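Each chain, written out:
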Amino acid sequence: MDKQKIEQYLDLVTDRLKNLQRPENEEEWIAKQKADGQVIGAFPRDFGMEPWDWPQGVGLYGMLKRYEYQKDEDIREYLNQWFSTHLDEGLPVRNINTTCPLLTLSSLTEGKLGFETLCDDWADWVMHSLPRTEENGFQHTTTKDASKGILNLNENQLWIDTLFMTVLFLAKWGKKTGNAAYQEEAVHQYLMMIKYLYEKKSGLFYHAWSFAERGNFGEVFWCRGNSWYTASVLDFIEIMGESITPAVKEILLDTYKRQVKTLKELQTENGLWHTVLDDEDSYEETSGSAAILYGILKGIRQGVLGEEYKETAERGIEGILRNIREDGTVMNVSAGTPVGRSKKHYKDIVIAPMAYGQSLCMMALTEALQAE
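Rules used throughout
- Starting afresh in each chain, residues are numbered from 1 along the sequence in its written order.
- A pLDDT threshold of at least 70 governs which residues receive local features in this predicted model, and a stricter bar of 80 or more applies before side-chain atom pairs are shown or counted, although totals over entire chains, interfaces and linings include all residues.
- Here the side-chain values reflect all heavy atoms present in the structure, with hydrogen atoms and water set aside.
- In this text, helices come from DSSP runs of H or I with a minimum length of four residues, and strands from runs of E with a minimum of two, each type numbered from the N-terminal end.
- Here the radius of gyration uses the C-alpha set of atoms, whereas the globule reference equals 2.2 Å times the residue count to the power 0.38.
- Classification of residues uses two cut-offs on accessible area relative to the type maximum, computed with a 1.4 Å probe and protein chains only: under 20% is buried, over 50% is exposed, and between them is partly exposed.
- Throughout, a contact is declared for two residues whenever any of their heavy atoms are within 4.5 Å.
- In short, Shrake-Rupley with a 1.4 Å probe defines the accessible areas, and a residue's cover is counted only from the protein chains shown.
- In this count, Lys and Arg are taken as positive residues and Asp and Glu as negative ones, while His and the chain termini are left out.
- Lysine's charge is taken at NZ, arginine's at CZ, aspartate's at CG and glutamate's at CD.
- Here a polar contact means two N or O atoms within 3.5 Å. Within protein one must be a hydrogen donor candidate and the other an acceptor candidate, and residues neighboring in sequence count only if both atoms are side-chain atoms.
- A pair of aromatic rings is counted whenever rings of Phe, Tyr or Trp (Trp by its six-membered ring) have centres within 6.5 Å, and the orientation is called stacked for planes under 30 degrees apart, edge-to-face for over 60 and tilted otherwise.
- A positively charged side chain is recorded as over a ring if its NZ (Lys) or CZ (Arg) lies within 6 Å of the ring centre. The angle to the ring normal must also be within 35 degrees.
- Geometry is summarised by axes, namely lines fitted to C-alpha atoms with helices restricted to the contacting stretch, and by angles between N-to-C directions that run from 0 to 180 degrees.
- Here the angle decides the label: under 35 degrees means roughly parallel, over 145 means roughly antiparallel, 65 to 115 means roughly perpendicular, and every other value means oblique.
- Following the grouping adopted for this structure description, the nonpolar residues are Ala, Val, Leu, Ile, Met, Phe, Trp, Tyr, Cys and Pro, the charged ones are Asp, Glu, Lys and Arg, and the polar ones are all others, Gly among them.
- Here, the term nonpolar core denotes a set of buried Ala, Val, Leu, Ile, Met, Phe, Trp, Tyr and Cys residues that are joined through side-chain atoms within 4.5 Å.
- In the sections that follow, a salt bridge refers to a side-chain nitrogen of Lys or Arg positioned within 4 Å of a carboxyl oxygen of Asp or Glu.
- Put simply, a crossing is left-handed when the front helix is turned counterclockwise from the back one by less than a right angle, and right-handed when it is turned clockwise.
- The span one expects for a helix is its residue count, reduced by one, times 1.5 Å.
- Fitting axes to the seven residues ending at a residue and to the seven starting there, one defines the bend at that residue as the angle between these axes.

K.L.:
Got a minute to help me understand the overall build of the protein chain in this structure?
P.N.:
A tally of helices and strands in the protein chain yields 14 helices and 8 strands. Its C-alpha atoms give the protein chain a radius of gyration of 19 Å, within 12% of the compact-globule value 21 Å for 372 residues. Projecting the C-alpha coordinates of the protein chain onto the three principal axes gives extents of approximately 45 × 45 × 45 Å. A buried classification covers 59% of the 372 residues belonging to the protein chain. Considering only residue pairs separated by 6 or more positions, the protein chain has 69% of its internal contacts joining residues 24 or more positions apart. Total accessible area on the protein chain is roughly 15000 Å²; 46% of this is exposed by carbon and sulfur atoms. Of the charged side chains in the protein chain, 40 are positive and 57 negative; the average position of the first set lies 3 Å away from that of the second.

K.L.:
I tried to follow the side chain of S202 on my own but got confused; where do I start?
P.N.:
Here S202 is to be found in the loop between β4 (198-199) and β5 (204-205). Polar contacts involving the side chain of S202 include one to the side chain of E199, which spans 2.8 Å. Sequence-distant contacts of S202, that is, excluding residues within four places in its chain, are made with F221, R258 and T262.

K.L.:
Whenever I open this one, the packing of aromatic side chains confuses me. Can you help?
P.N.:
Ring pairs (aromatic) are described by centroid distance and by the angle formed between their planes. Under the definition given, this model contains 19 aromatic pairs. Here W209 and F211 contribute two aromatic rings whose centre-to-centre distance is 6.1 Å and whose plane-to-plane angle is 85°, an arrangement assigned as edge-to-face. Considered together, W209 and F211 belong to a single accessibility category, that of buried residues. In this arrangement the basic side chain of R94 is found over the ring face of W122, its NZ or CZ atom lying 4.5 Å from the centre.

K.L.:
Help me understand the environment of F83, please; the structure alone is not making it clear to me.
P.N.:
With respect to the helices, strands and loops of the structure, F83 is situated in helix α4 (residues 73-89). Residue classification places F83 among the buried positions, given a relative accessible area of 0%. Between the C-alpha atom of F83 and that of T141, which follows or precedes it by 58 residues, the distance is 23 Å.

K.L.:
Would you explain the packing of helix α7 (residues 162-177) against helix α9 (residues 223-240) in this entry?
P.N.:
Helix-helix packing is described using two parameters, namely the angle between the two axes and the distance between the axes. Here α7 crosses α9 at 5°, and the two axes come no closer than 10 Å. Considering the angle they form, α7 stands roughly parallel to α9. Only W228, Y229, A231, S232, D235, F236, I239 and M240 of α9 make contact with α7, whose side of the interface consists of L163, F164, M165, L168, A171, K172 and K175. In the contact of α7 with α9, the residues fall into 11 nonpolar, 1 polar and 3 charged.

K.L.:
Help me understand the nonpolar core in this model?
P.N.:
Taken as a class, soluble globular proteins show a tendency for nonpolar side chains to be buried jointly. Counting 115 residues, the largest nonpolar core has V58, F164, Y190, Y229, F236, L252 and I296 as its most contacted members. In this view, L252 contacts Y190, I194, Y229, V233, F236, I237 and I244; residues no more than four positions away in its chain are not counted. The next biggest cluster of nonpolar side chains, apart from the first, holds 8 residues, and it includes W159, A208, W222 and V276.

K.L.:
Help me out: how do you make sense of the environment of Y283 in this one?
P.N.:
Following the sequence through the fold, Y283 ends up in the loop between β7 (273-274) and β8 (284-285). Under the relative-accessibility criterion, Y283 is labelled buried at 18%. Between the alpha carbons of Y283 and N156 there is a distance of 31 Å; along the sequence they are 127 residues apart.

K.L.:
Can you walk me through the pattern of salt bridges in this structure?
P.N.:
As a working rule, side chains carrying opposite charge can pair if their charged atoms are close by. This model, assessed by the stated rule, comprises 21 salt bridges. For E213, the salt bridge is made with R341, and the minimal N-O distance between the two is 2.7 Å. Within this pair, whereas E213 is found in the loop between β6 (208-210) and α9, its partner R341 is found in the loop between α12 (310-322) and α13 (343-347), the two being separated by 128 residues in sequence. The salt bridge partner of R301 is E367, with a shortest N-O separation of 2.4 Å. With R301 in helix α11 (residues 286-301) and E367 in helix α14 (residues 355-369), this pair connects stretches of sequence that are 66 residues apart. The partly exposed category is assigned to R301, whose relative accessible area is 38%. Linked by salt bridges that have partners in common, K65, E68, D235, E238 and K298 make up one network.

K.L.:
Just to check I follow, could you spell out the environment of L263 for this structure?
P.N.:
Relative to the elements of secondary structure, L263 occurs in helix α10 (residues 246-266). For L263, a relative accessible area of 0% puts it in the buried group. For the pair L263 and F47, spaced 216 residues apart in the sequence, the C-alpha separation amounts to 29 Å. Discounting residues that sit within four places of it in the chain, L263 has contacts with L204, T230, W273, L277 and I292.

K.L.:
Explain the packing of helix α1 (residues 3-18) against helix α3 (residues 54-70) here, please?
P.N.:
Where α1 contacts α3, the axes come no closer than 11 Å and their chain directions differ by 140°. Classed by the angle they form, the pair α1 and α3 counts as oblique. Handedness of the α1/α3 crossing: left-handed. Residues L10, D11, T14, L17 and K18 of α1 pack against G59, M63, R66 and Q70 of α3. Among the residues making up the contact of α1 with α3, the classes are represented as 3 nonpolar, 3 polar and 3 charged.

K.L.:
Would you mind showing me how to read α9 here?
P.N.:
Spacing of three or four residues puts side chains on the same side of an α-helix, whose turn is 3.6 residues. For α9, built from 18 residues, the straight-helix expectation of 26 Å at 1.5 Å per residue is met to within 8% by its first-to-last C-alpha distance of 26 Å. The largest bend in α9 comes to about 35°, at S232. Among the 18 residues of α9, 17 are classified as buried, and the element is accordingly described as predominantly covered. Backbone geometry just downstream of α9 places G241 in the positive-phi region, at approximately 55°.

If you want it as structure tokens, here you go:
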């Protein structure tokens with residue numbers, strides 16, 4: 001891998017994330033997509049870094065990962081300013097997805113009482129007020145209308161997205177504050193996802209589980225959904241350190257390695273993955289591919305994965321670079337994706353530049369710079 005080239009593209013993607021705006025022809029574009037029968041996700045919220053929700057939370061985490069590696073003080077200043085501005089303006093209603101920015105905020109609390117207080121208060125809300133499913137899973141509540149404080153309750157549903165959006169923060173804050181209950185709850189949520197979303201024959205994850213229906217909706221192997229496990233599990237183990245028992249660590253890593261083995265087999269010639277992993281007729285999707293590559297690269301660096309995955313990583317990074325425009329915009333990113341009951345649902349999600357597409361590529365490129 002050409003690290004100088006990777007650094008150049010990383011700068012472009014970072015700058016574009018900071019300045020990502022809504023498209024000028026948005027209304028016309030959405031109308032055309034609807035006429036073509038494509039599904040619209042929670043689309044307006046996903047552009048840019050202004051709102052406080054999961055796309056921006058993932059965006060912030062990508063910047064944090066770059067800062068932790070390169071110690072670029074401009075990025076740290078951007079992060080501090082972003083949070084200070086939102087705390088002054090007021091925060092949205094709490095749910096699974098609006099928890100995601102706390103994953104980055106929890107690394108910025110030193111000397112900032114307001115940041116620390118918010119993390120304390122929000123973690124307590126996650127533990128004691130967040131709606132739960134049967135068996136005490138985190139119910140995947142999401143934003144329906146932020147201006148009115150209306151939620152999609154998704155009653156009695158587990159979504160794989162929850163790991164990245166909420167569980168990582170709870171583990172991180174639990175570790176930072178020495179709160180064993182938070183850490184144990186985070187472990188419980190990971191094991192719940194494996195119990196109800198992991199498909200043992202393929203080694204892949206379904207998007208969601210409904211306790212009410214006793215099923216996994218369309219039983220679709222969605223790329224970005226799978227990537228939430230691939231990208232988060234090694235970070236989770238790293239965060240937990242010695243607080244995680246060897247038996248639980250082994251289960252998490254065995255699941256990760258089995259998943260990655262299948263992902264290696266499903267990688268396209270272009271280095272990316274289809275938005276429906278086992279459907280070659282579905283488009284190659286960049287954000288989920290980047291998150292998968294982040295997890296694979298980190299696994300190689302940590303010695304969890306062997307040499308046989310290096311070619312997969314190198315080909316994947318080349319695929320990512322080919323999907324970055326000269327202005328740093330990451331292309332072929334799928335919009336916000338609710339749970340679907342068919343492969344067609346996922347194949348019809350619109351493609352557009354999104355904050356999390358920029359960020360997940362930042363994470364993959366930052367990890368690539370650390371490769372041997």
